[in-house]
Amino acid sequence: MKVAVYSARRYDKLMLERANAAHGHELLFVQDALSVDTVPLAAGCGAVCVFVNDGVDAAVLQALQELGIGLVATRSTGFNHVDAVAARRLGIAAVRVTDYSPYSVAEFTVGLLLAVNRRIARASQRTRDGNFELDGLMGFDLHGRTVGVIGTGKIGRIFAGIMRGFGCRVLGHDPFPAPAFAGIGDYVALPQLLAESDVISLHCPLTPQTHHIVDAEALRQVRPGALLVNTSRGGLVDTEAVIAALKSGQLGGLAIDVYEQEAELFFQDLSGTVITDDLIQRLVSFPNVIVTGHQAFFTREAIGQIMATTLESISAFERGEPLRNAIPLPIS
Ligand code: NAI
């Protein structure tokens, strides 16, 4: 099948082509994101392959349907960028990658936590500059501290297990408790998690219910000086409220791999341009904030699995088989 691969970067091309040896699809790589304007580039294709910042909304899906596209395959676990209801209405199948190394994201989350707590990025910048001072680099022992995990699915549970290994007390909050969490930590209501945690880490999907789950009200409830880590989705956090909490000291630090307005910024080199997003510029100016550009998934293992699963879904669609990675419709 001919497939238009949107938001394609060098590594996407390399890894997809490698995985495609077992499938033989005709891959058309498009550097631009999928939008109503770029849909025509998929003319002649049977499927499009997208990533997290391609906005696959009803208008885009309508345009794809008019071109005869029958499948949208996102190279991600998260699927908040795909309007599954519109896809169903238009008769377009939509798939994601339900299973790929959750260790990639969980381990990166631990890295971000250590980096923000122990000011590792800042220290490295200093030593490159010949500055070996320790002032401003003091963190706290994680051992004995309480870590709150919001969303105890695949990634949240692995992260929780690693933190347990650090000697932390682990609290979890999830409307769908997992029996496998029992040996790692205790489920509590969200207010208790916010009030008792020294570290809060977000691992739930972005849905209408979780949008701005960390807002001004939630931040008022956190333990003063707590660290917030978000490797899940930017929209879980109200960035302006977080900036206010960092300024007041209510939050002791922030580590994010995702950002609500990341679609305008991430996965591109903007170092030669004037960045007009004042919120991200404010965030990166804080000494106790670390921002990475949505790279938690970016390991050889995870990318290999993502590309293989995506191509398997496309092959299954072509053969008319059931799609085991179909994007679920929202629970009403
Ligand atoms: P999962 O589906 O295994 O786990 C998500 C958990 O969140 C589930 O247990 C679910 O019940 C829970 N949840 C749903 N609503 C909730 C709420 N209101 N409050 C608390 N918990 C709630 O998903 P997985 O694989 O663990 O991924 C989690 C998220 O990580 C994804 O949705 C995605 O947004 C993000 N992600 C980020 C990546 C990155 O590179 N930064 C890469 C992969 C995933």
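Definitions and limits used
- Residues numbered from 1 in each chain as written.
- Predicted model: local features only at pLDDT ≥ 70, side-chain atom pairs only at ≥ 80, totals over all residues.
- Heavy atoms only, no water.
- Helix = DSSP H or I, 4+ residues; strand = E, 2+ residues; numbered from the N terminus.
- Rg over C-alpha atoms; globule rule 2.2 N^0.38 Å.
- Contact = heavy atoms within 4.5 Å.
- Areas by Shrake-Rupley, 256 points an atom, 1.4 Å probe, with all protein chains shown as cover.
- Lys, Arg positive; Asp, Glu negative; His and termini not counted.
- Charge placed at Lys NZ, Arg CZ, Asp CG, Glu CD.
- Core = buried A, V, L, I, M, F, W, Y, C linked by side-chain atoms within 4.5 Å.
- Buried < 20%, exposed > 50% of the residue type's maximum accessible area, 1.4 Å probe, protein only.
- Near = heavy atom within 4 Å.
- Polar contact = N/O pair within 3.5 Å; in protein donor to acceptor, adjacent residues only side chain to side chain.
- Nonpolar A, V, L, I, M, F, W, Y, C, P; charged D, E, K, R; others polar.
- Pairing = 2+ DSSP bridges.
- Salt bridge = Lys/Arg side-chain N within 4 Å of Asp/Glu carboxyl O.
- Right-handed = clockwise from strand over helix to strand, strands pointing away.
- Disulfide = S-S within 2.5 Å.
- Axes fitted to C-alpha atoms, helices over the stretch in contact; angles between N-to-C directions.

**Quick look at the overall build of the chain**
Here comes step 1: When you go through the chain residue by residue, the secondary structure sums to 11 helices and 12 strands.
Here comes step 2: In terms of C-alpha radius of gyration, the chain reaches 21 Å, essentially the compact-globule figure of 20 Å for 332 residues.
Here comes step 3: Structurally, the chain occupies a C-alpha span of about 60 × 50 × 35 Å along its principal axes.
Here comes step 4: Considering only contacts within the chain whose residues lie at least 6 apart along the sequence, 68% involve residues at least 24 apart.
Here comes step 5: Put simply, the chain shows about 15700 Å² of open surface, and 53% of that area lies on carbon and sulfur atoms.
Here comes step 6: Positive and negative side-chain charges of the chain, numbering 27 and 34 respectively, have mean locations separated by a distance of 5 Å.

**Overview of the nonpolar core**
Here comes step 1: Core analysis: the biggest nonpolar cluster contains 50 residues, and L113, F159, M163 and V199 have the highest contact counts within it.
Here comes step 2: Counting residues per element, this core draws most heavily on helix 4 (residues 102-118), at 8 residues.
Here comes step 3: In this structure, F159 is in contact with A106, T109, V110, L113, V147, V149, S201 and H203, ignoring residues within four places of it in sequence.

**Overview of the site of the ligand**
Here comes step 1: Y100, K154, I155, D174 and T231 are the nearest of the 24 residues found near the ligand.
Here comes step 2: The contact in question runs from a nitrogen atom of the ligand to an N or O atom on the backbone of T231, over 2.9 Å.
Here comes step 3: S232 has a polar side-chain atom sitting 3.4 Å from an oxygen atom of the ligand.
Here comes step 4: Taken by itself the ligand offers 870 Å² of open surface, and the protein chains cover 86% of this.
Here comes step 5: Taken together, the residues of the shell around the ligand sort by class into 10 nonpolar, 10 polar and 4 charged.

**Observations regarding the sheet that holds strand 12 (residues 289-291)**
Here comes step 1: Read across the sheet, 7 strands follow the order 8-7-6-9-10-11-12 without closing on themselves; strand pairing throughout is parallel. Edge positions in the sheet fall to strand 8 (186-187) and strand 12, since each of these pairs with one other strand and no more.

**So, unusual backbone geometry**
Here comes step 1: Even without glycine at this site, R119 takes up a positive phi of about 55°.
Here comes step 2: Owing to a relative accessible area of 16%, R119 belongs among the buried residues under this scheme.
Here comes step 3: At H212, a position not held by glycine, the phi torsion is positive, near 55°.
Here comes step 4: With respect to the helices and strands, the residue H212 is situated in the loop between strand 9 (199-202) and helix 8 (216-221).
Here comes step 5: For H212, a relative accessible area of 21% gives the class partly exposed.

**Quick look at the pattern of salt bridges**
Here comes step 1: In the structure shown here, the tally under the stated rule is 8 salt bridges.
Here comes step 2: Close ionic contact of R75 with D12 constitutes a salt bridge, the shortest N to O distance being 3.6 Å. Of this pair, R75 sits in the loop between strand 4 (71-74) and helix 3 (84-90) while D12 is found in helix 1 (residues 10-20), placing the two residues 63 residues apart along the sequence.
Here comes step 3: What makes D12 buried here is its relative accessible area of 7%.
Here comes step 4: Two residues, D198 and R145, come together in a salt bridge whose shortest N-O distance is 3.4 Å. Here D198 is found in the loop between helix 7 (190-196) and strand 9, whereas its partner R145 is found in the loop between helix 5 (120-128) and strand 6 (146-150), with 53 residues between them in sequence.
Here comes step 5: Its relative accessible area of 30% is what places R145 among the partly exposed residues.

**Re the pairing of strand 3 (residues 47-50)**
Here comes step 1: Along strand 3, one buried face is formed by A47 and C49 and the opposite face, lined by V48 and V50, is buried too.
Here comes step 2: Where strand 1 (residues 2-5) meets strand 3, 3 bridges bridge the pair, whose relative direction is parallel. Looking across to strand 3, one finds that V3 is bridged to A47.
Here comes step 3: Bridging between strand 3 and strand 4 involves 4 bridges; their strand directions are parallel. Bridging from a neighbouring strand, A47 pairs with L71 of strand 4.
Here comes step 4: As a crossover connection, the stretch from strand 3 through helix 2 (residues 58-66) into strand 4 is right-handed.

**Points about the state of the cysteines**
Here comes step 1: As enumerated under the stated definition, the model contains 0 disulfides in all.
Here comes step 2: Unpaired in this structure, C168 has its nearest cysteine sulfur neighbour in C204, at a distance of 20 Å.

**Some words on the sheet that holds strand 5 (residues 93-95)**
Here comes step 1: Pairing is parallel across the open sheet formed by 5 strands, whose spatial order is 2-1-3-4-5. Looking at the sheet topology across the chains shown, the edges are occupied by strand 2 (26-29) and strand 5. In this sheet, neighbouring strand axes are inclined to one another by 20° on average, regardless of whether the strands run parallel or antiparallel.
Here comes step 2: Judged from the 4 bridges that link them, strand 1 and strand 2 form a sheet pairing that is parallel. Its bridge partner lying in strand 2, V5 is registered against F29.
Here comes step 3: Together, strand 1, strand 2, strand 3, strand 4 and strand 5 form the strand contacts of helix 11 (residues 300-318), whose direction differs from that of strand 4 by roughly 165°.

**Notes on the environment of L329**
Here comes step 1: Assignment of secondary structure puts L329 in the segment after helix 11.
Here comes step 2: Expressed as a C-alpha distance, the spacing of L329 and A87, which sit 242 residues apart in the sequence, is 9.7 Å.
Here comes step 3: Filtering out sequence-adjacent residues up to four positions away, L329 remains in contact with A84, V85 and R88.

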